[in-house]
Amino acid sequence: MWMVVGVAACGAAEPTLRPAPDPSVDSADTGTVPTLVGDDDDDDAPTDPDDVDGDGVPRATDCDDADPNAWQVGVFEGDVAVLIQPDFCHGYCVRDVVGDLDVANLGLPLPDLSCITEVSGTLSAKNVPTLEGLGALQAVSGDLLISSGVSSLDGLDALEWVGGNLDVGINTRLDSLAGLERLSVVGGSLLLTVLEVTDLQPLSGLSHVGGISVSYCDGLTDLRGLEGITRIDGDGELSVSD
């Protein structure tokens, strides 16, 4: 078969003919650009099977080759203030904190902190609408302090263990403890103070605490949700006041 690749004008030379491409010939042998078919019908370069997410890190050493924003695992030694380190998780699948984590006074939703699975010190949260950026957090070895300005505990869904106190208090914007359903151990005391919560059912997975104090939570009419606690350490204090 032959195809015309030019049109002759009046008085001009005859058009040049060249063979039409043979579809049975691999374009790699001819040096031409392949025609993309099927699902890959765009004009982008073919995907490198050794670097699917295109972040420049080979699959063999990339901790998540489906995410171009994460390719390494590490530990940060020292305290972290998200207000001045908003890109803390960039490049990391996992980056735990050996120190304190401060997510206070942002005034806006948290940036993505899904690389953090454990904090060895204290985690402080204040003046952030929700804690949704902490969706991978499983353990806090120190205290977990949640105070004013936090209106939702969504984002703590993976949290299972707090080594120190869990102090949720002086926050009339917080009307639910939803987000703490997987929490099973609080090594220190569970402290709930001046909240608008109406039930403790999200704490039904809690089995081990160092003490319990519930104060000025006027919406609470009973302590249902704490029936699963089988062990109270220390002096076994249970304090309820209004």
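Predicted model, so just to flag it, every value in this text is computed and none were measured.

Undergrad: How do you make sense of the overall build of the chain when you look at a structure like this?
TA: Secondary structure assignment for the chain yields one helix and 16 strands. Taking all 242 residues of the chain together, the buried fraction comes to 35%. Once local pairs closer than 6 in sequence are excluded, the contacts in the chain between residues at least 24 apart make up 19%. A total accessible area of about 13,400 Å² is found for the chain, and carbon and sulfur atoms account for 51% of it.

Undergrad: Sorry, what's going on with the confidence of the model for the chain here?
TA: The pLDDT averaged across the chain works out to 84; a share of 80% of its residues lies at or above 70. For residues 1–42, every residue scores under 50 in pLDDT, and the model assigns this stretch 28 contacts once sequence neighbours within four places are set aside.

Undergrad: Would you explain the nonpolar core in this entry?
TA: Side chains that are nonpolar tend, in soluble globular proteins, to be buried together. Formed by 49 residues in total, the largest nonpolar core has its most connected members in Ile-116, Leu-123, Leu-131, Leu-156 and Leu-192. Of all the elements in the fold, those that place two or more residues in this core are strand S5 (91–98), strand S8 (123–125), strand S10 (144–146), strand S12 (166–171), strand S13 (185–195) and strand S14 (208–215). Looking at which element gives the most residues to this core, the answer is S13, with four residues. Sequence-distant contacts of Leu-192, defined by excluding residues within four places in its chain, comprise Val-168, Leu-177, Leu-200, Leu-203, Ser-213, Val-214, Ser-215 and Cys-217.

Undergrad: What is the right way to read the state of the cysteines from this model?
TA: Disulfides are covalent bonds that connect the sulfur atoms of two cysteines. Evaluated as defined, the whole model comprises two disulfides. Note that Cys-63 is cross-linked by a disulfide to Cys-93, the S-S spacing being 1.9 Å. Measuring handedness by torsion sign, the sulfur bridge of Cys-63 and Cys-93 sits at about 85° and is right-handed. With Cys-63 in the loop between helix H1 (27–30) and strand S3 (70–77) and Cys-93 in strand S5, the pair connects residues that are 30 residues apart, well separated along the chain. For Cys-63, a relative accessible area of 36% corresponds to the partly exposed category. Here Cys-89 pairs with Cys-115 through a disulfide, and the sulfurs are 2.0 Å apart.

Undergrad: Got a minute to help me understand the packing of aromatic side chains in this structure?
TA: Two aromatic rings, taken as a pair, are described by how far apart their centres are and by the angle between their planes. Using the criterion set out here, one finds one aromatic pair in the structure. Summarising the aromatic geometry, the rings of Phe-76 and Phe-88 are spaced 5.5 Å apart at their centres and angled 75° between planes, so their arrangement reads as edge-to-face. One end of the pair, Phe-76, is in strand S3; the other, Phe-88, is in the loop between strand S4 (80–81) and S5, with twelve residues separating them in the sequence. A relative accessible area of 3% means that Phe-88 is categorised as buried.

Undergrad: Hey, could you run me through a negative patch on the surface in this one?
TA: Taken together, the side chains of Glu-132, Asp-154, Asp-157 and Glu-181 define an acidic patch exposed on the protein surface. Within the secondary structure, Glu-132 sits in the loop between S8 and strand S9 (139–140).

Undergrad: Teacher, can you tell me more about a nonpolar patch on the surface here?
TA: Residues Leu-223, Leu-238 and Val-240 make up a contiguous nonpolar surface patch of roughly 260 Å² in combined accessible area. Relative to the elements of secondary structure, Val-240 occurs in strand S16 (residues 238–241).

Undergrad: Looking at this model, I keep getting lost on the environment of Leu-83. Mind explaining?
TA: Within the fold, Leu-83 resides in the loop between S4 and S5. Exposure remark for Leu-83: the relative accessible area of 54% places this residue in the exposed category. Between the alpha carbons of Leu-83 and Ala-104 there is a distance of 7.5 Å; along the sequence they are 21 residues apart. Each residue touching Leu-83, except ones within four places of it in the same chain, is listed here: Asn-105 and Leu-106.

Undergrad: What am I meant to see in the pattern of salt bridges here?
TA: A side chain with one charge may pair with a side chain of the opposite charge, provided their charged atoms come close. As enumerated under the stated definition, the model contains four salt bridges in all. Where Glu-160 meets Arg-182, a salt bridge forms, and the shortest distance between an N and an O atom there is 2.9 Å. Placement of Glu-160 in the loop between S10 and strand S11 (161–162) and of Arg-182 in the loop between S12 and S13 is noted, with a sequence separation of 22 residues between them. You can call Glu-160 partly exposed: its relative accessible area is 31%. By relative accessible area, Arg-182 is classed as partly exposed at 49%. Arg-224 is the salt-bridge partner of Asp-222, the closest N and O atoms lying 2.9 Å from each other.

Undergrad: Please explain the pairing of S13 as it appears in this structure.
TA: On any regular strand, side chains alternate: one points to one face of the sheet, the next to the other face. Both S11 and S13 contribute to a ladder of two bridges, which runs parallel. Each residue of the ladder has a partner; that of Val-162, found in S13, is Val-186. As defined by bridge partners, S12 adjoins S13 across five bridges and the pair is classed as parallel. In the sheet register, Asp-167 faces S13, and the bridge partner there is Leu-191. With seven bridges joining them, S13 and S14 adopt parallel strand pairing. Of the residues in S14, the one forming a bridge with Ser-189 is Gly-211.

Analysis parameters
Residues numbered from 1 in each chain as written. Predicted model: local features only at pLDDT ≥ 70, side-chain atom pairs only at ≥ 80, totals over all residues. Heavy atoms only, no water. Helix = DSSP H or I, 4+ residues; strand = E, 2+ residues; numbered from the N terminus. Buried < 20%, exposed > 50% of the residue type's maximum accessible area, 1.4 Å probe, protein only. Contact = heavy atoms within 4.5 Å. Areas by Shrake-Rupley, 256 points an atom, 1.4 Å probe, with all protein chains shown as cover. pLDDT = per-residue confidence, 0-100. Core = buried A, V, L, I, M, F, W, Y, C linked by side-chain atoms within 4.5 Å. Disulfide = S-S within 2.5 Å. Phe/Tyr/Trp six-rings, centres within 6.5 Å; stacked < 30°, edge-to-face > 60°. Patch = residues over 30% accessible without salt bridge, like charges linked within 9 Å, V, L, I, M, F, W, Y side chains within 5 Å. Salt bridge = Lys/Arg side-chain N within 4 Å of Asp/Glu carboxyl O. Lys, Arg positive; Asp, Glu negative; His and termini not counted. Charge placed at Lys NZ, Arg CZ, Asp CG, Glu CD. Pairing = 2+ DSSP bridges.

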